[in-house]
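Listed below, chain by chain, are the residues.
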There are 2 protein chains.
Amino acid sequence: MTSAREAANREAFRRLTASEPVLEDVRPAIEAVPGFTRDTILTSGPTMPWSAYAGGQRAGILGGAQFEGLARDAQEAERKLAAGEIRLRGCQELGCVGSLAGIYTASMPVFVVRNTAFRNLAYCNIYEGTNRRRLNYGVYDDGVRDRLRYINDTLAPVLGEAVRTTGGIPLKPLMSRALHMGDDLHSRNTAASLLFAREIFEPLLALGARNYERAQKAVRAITEDHYFFLRLSMAAAKSIADAAAHVDASSVVSAMAFNCRGFAIRLSGLGDQWFEGPHASVDAVLFEGHTKDEITWMGGESILTETVGLGGFAQAAAFPLQKYQGGSPEAMVERNLSLYRITVGEHPDFQIPFLRYRGTPTGIDAFKVVETGIAPVMNIGVAGRDGGQIGAGVVKAPLECFSAALAAYSARYGG
Amino acid sequence: MTSAREAANREAFRRLTASEPVLEDVRPAIEAVPGFTRDTILTSGPTMPWSAYAGGQRAGILGGAQFEGLARDAQEAERKLAAGEIRLRGCQELGCVGSLAGIYTASMPVFVVRNTAFRNLAYCNIYEGTNRRRLNYGVYDDGVRDRLRYINDTLAPVLGEAVRTTGGIPLKPLMSRALHMGDDLHSRNTAASLLFAREIFEPLLALGARNYERAQKAVRAITEDHYFFLRLSMAAAKSIADAAAHVDASSVVSAMAFNCRGFAIRLSGLGDQWFEGPHASVDAVLFEGHTKDEITWMGGESILTETVGLGGFAQAAAFPLQKYQGGSPEAMVERNLSLYRITVGEHPDFQIPFLRYRGTPTGIDAFKVVETGIAPVMNIGVAGRDGGQIGAGVVKAPLECFSAALAAYSARYGG
């Protein structure tokens, strides 16, 4: 049994590391994502009944319904969601990946990323910009709506046109290089955003020769901050994690997600079943004027980056994160090193310069997590109970869902 | 006496750290650099008589004479240089800074950088590109000539036009940020080159709307490799170091330079006098197919970056350099830490994330160098005796020139 599991985990690791995510397109979810309908709203975490959604995640869903024109106001949205007239599903059921609350509606454009090594597709919608009040942080107001419309109507069409002229932008080379430039590709994407901008400059220059203003607006949106790449990293991670799912007898984690109720994982050998646990406590650095009691959970699936060997699993590549989310460089190195004890192998292409280019710990083995008691570490943005981002921090996954997953694993595979 | 020296060194340190280099223009040396003439050639290091130049540096000067049309061939160039019909001077005499052999001729475009805090100007010509055979590595052939012409005729005019439309690009913010992204701003400029590309892209987009092809060529040249920013870092360093020169009674190093004969420094309190010493041995990583006996010295003033607290003085910000020039991360940290013992203070804006954002050691005090026996450490490119770059490495400055400078300092200031 052990040897069958080991072989299965090697295969999952091979798929994680042989994956080749390529950005192919930017299109509205309704056009790009199979199974999306006009009345679909996606949100982070395992799908739950409408009544189970609370706080910022609930507020985000209501905001999404209004933005999409599925309801005139929050009350009508409440009614339609309760009646099932608006279809609510977890992002990952449709190959998508949600940032924080992770709200997707039909008209929202998504990055279309193909894992060319295994042919599967994944999607992520577009970063809302630097305003701390954002739909994915549970806020919907005029400013949020205008920014989302700007993405739909102005940014995404140009970006899509530029991407299509390239014939596809391979993301792995950008990601590998960004890890040598201080990014963890979850909470820090400063270098990757610039590397992506470099890829898209020339196509945008060509578009600009025909329509300067459109191209100029796109350039501004891509380069005005340092987070643009996060959604590409997330889409890439989803395309990689999905390729490693459904390996019979593998105990490797193939998905992780938060929703407002808790944390959940999937194991590769156990199909699409989620194993849920409580939330974890977070070590956070909060923006000025905010306090710990404001911290709230409204979902989040960007931790798929950790699932594929990035984020917290590459934190020793990203010492500048100490300012954003706290912790000393020494603690970051120690935490990063501990994660080699719960993973299958070292990533051949994602490397950490400070660790003499050692590959990041990749492929979380649920057995190793339970045996060692070492929980996966994740770099996350922190939401406040009144909506909006209030800081950033480090969380450890709760061990309960790993134990639950192992119980199901034993029930299915014995041993 | 000691207290006058300390006060003077604090003033030199203040000037080093309060400097604000801003890229203002890109123009031919003959137009931009006061004192440049049609028959001037600049080269790295203290000015020497023509007969003293040897090897790659001599070859580079002969190549420059031909490129500029000052001589039809090497023989004629030799004759004119010997006769003084071509005027040969050290780069730093004219506010310029030479990369390796550091050849400047009248038509070559230079970055014009103004230190707006102290009003002084500095200049550096433009990176020749990724070809290992380059004029500044002592090679002159058809390929080198064509590339230099391309810079003169195609790249620089567009770049200059774009830079002028910005009204000036402040370089210090880009440099500060690049240190958080794995650059040392001497041997690694990967992040800074991207950050600069981001600054220049919008102006290029506007030019591209009128003339697409010109703009597209400029974008290619700026983004095709990761070294473009080095010349801007050098010009910035020269503008900073010059601002800290000529502080009466200061023992802070205000310039460092190699030529083919050896290494030399200036002290702030001793004007423009160079204090010369032998070459140092280099710990290098050579490109495949090259051997240690090929290593040769043909000059170099990019070590002005070390003079202002960058390069070797920021190596713990740039762990990826271990691949390019050798050494472990631990050794880089240890070397970097040792340099705090020979410097006046910690730079308020140039910081090292791994050292918990400690400022880089800045302002080399010649007294501290001689007292501790700790030599400044510099990250450099390595030239081969047949011309061209053959690798990169770390050198320690020879202590002899510091002793010589202190003797002169005592003769002048007593004590």
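Because the structure is a prediction, the values reported are computed rather than measured. (Residues numbered from 1 in each chain as written. Chains lettered and ligands numbered in written order. Predicted model: local features only at pLDDT ≥ 70, side-chain atom pairs only at ≥ 80, totals over all residues.)

Describing the overall build of chain A
No. 1: Scanning chain A from terminus to terminus reveals 14 helices and 15 strands.
No. 2: Over its C-alpha atoms chain A spans a radius of gyration of 20 Å, differing by no more than 12% from the 22 Å that the globule rule assigns to 415 residues.
No. 3: In chain A, buried positions account for 57% of the 415 residues.
No. 4: The contacts of chain A with a sequence gap of at least 6 include a subset with a gap of at least 24, amounting to 74%. (Helix = DSSP H or I, 4+ residues; strand = E, 2+ residues; numbered from the N terminus. Rg over C-alpha atoms; globule rule 2.2 N^0.38 Å. Buried ≥ 20, exposed ≤ 12 C-beta atoms within 10 Å, placed from the backbone. Contact = placed C-beta atoms within 7 Å.)

Overview of the interface of chain B and chain A
No. 1: Listed as interface residues are 28 residues of chain B and, on the opposing side, 27 residues of chain A.
No. 2: Of all the secondary structure elements, the ones that give two or more residues to the side of chain B that touches chain A are helix 7 (190–210) and helix 8 (212–223) of chain B.
No. 3: If you tally residues by element for the side of chain B that touches chain A, the top one is helix 7 of chain B, at 12 residues.
No. 4: Classifying every residue of the side of chain B that touches chain A by side-chain character gives 17 nonpolar, eight polar and three charged. (Nonpolar A, V, L, I, M, F, W, Y, C, P; charged D, E, K, R; others polar.)

So, the domain arrangement of chain A
Residue and element names in this part refer to chain A.
No. 1: You can read the domains of chain A as domain 1 (22–233) and domain 2 (245–413).
No. 2: Counting from both sides, the interface comprises 40 residues of domain 1 and, opposite them, 43 residues of domain 2.
No. 3: Every element with two or more residues in the side of domain 1 that touches domain 2 is listed here: helix 3 (55–67), helix 6 (172–178) and helix 9 (230–243).
No. 4: Of the residues contributing to the side of domain 1 that touches domain 2, the split by class is 16 nonpolar, 18 polar and six charged. (Domains from an automatic or database assignment.)

What about the pairing of strand 14 (residues 377–384) of chain A?
Residue and element names in this part refer to chain A.
No. 1: In terms of burial, strand 14 is a largely internal element, eight of the eight residues being buried.
No. 2: Sheet topology note: the strand 14/strand 15 (residues 389–396) ladder contains seven bridges and is antiparallel. Residue pairing in the sheet places Val377 in a bridge with Lys396 of strand 15.
No. 3: As consecutive antiparallel partners, strand 14 and strand 15 are separated by four residues, and within that stretch Gly387 has a phi angle of approximately 90 degrees, a positive value. (Pairing = 2+ DSSP bridges.)

Quick look at the sheet that holds strand 14 (residues 377–384) of chain B
No. 1: The sheet built from four strands is open, its strands ordered 10-15-14-11 (chain B) with antiparallel pairing. The open sheet terminates on both sides in strands that have one partner only, identified here as strand 10 (282–286) and strand 11 (295–296) of chain B.

Overview of the sheet that holds strand 9 (residues 275–277) of chain B
All names here are of chain B.
No. 1: Spatially, three strands are ordered 7-8-9 in an open sheet, and the strand pairing comes out antiparallel. Every interior strand has two partners, whereas the edge strands, strand 7 (253–259) and strand 9, have only one. For this sheet, the mean angle separating the axes of adjacent strands, direction not counted, is 20 degrees.
No. 2: As paired strands, strand 8 (residues 262–267) and strand 9 are joined by three bridges and run antiparallel to one another. (Axes fitted to C-alpha atoms, helices over the stretch in contact; angles between N-to-C directions.)

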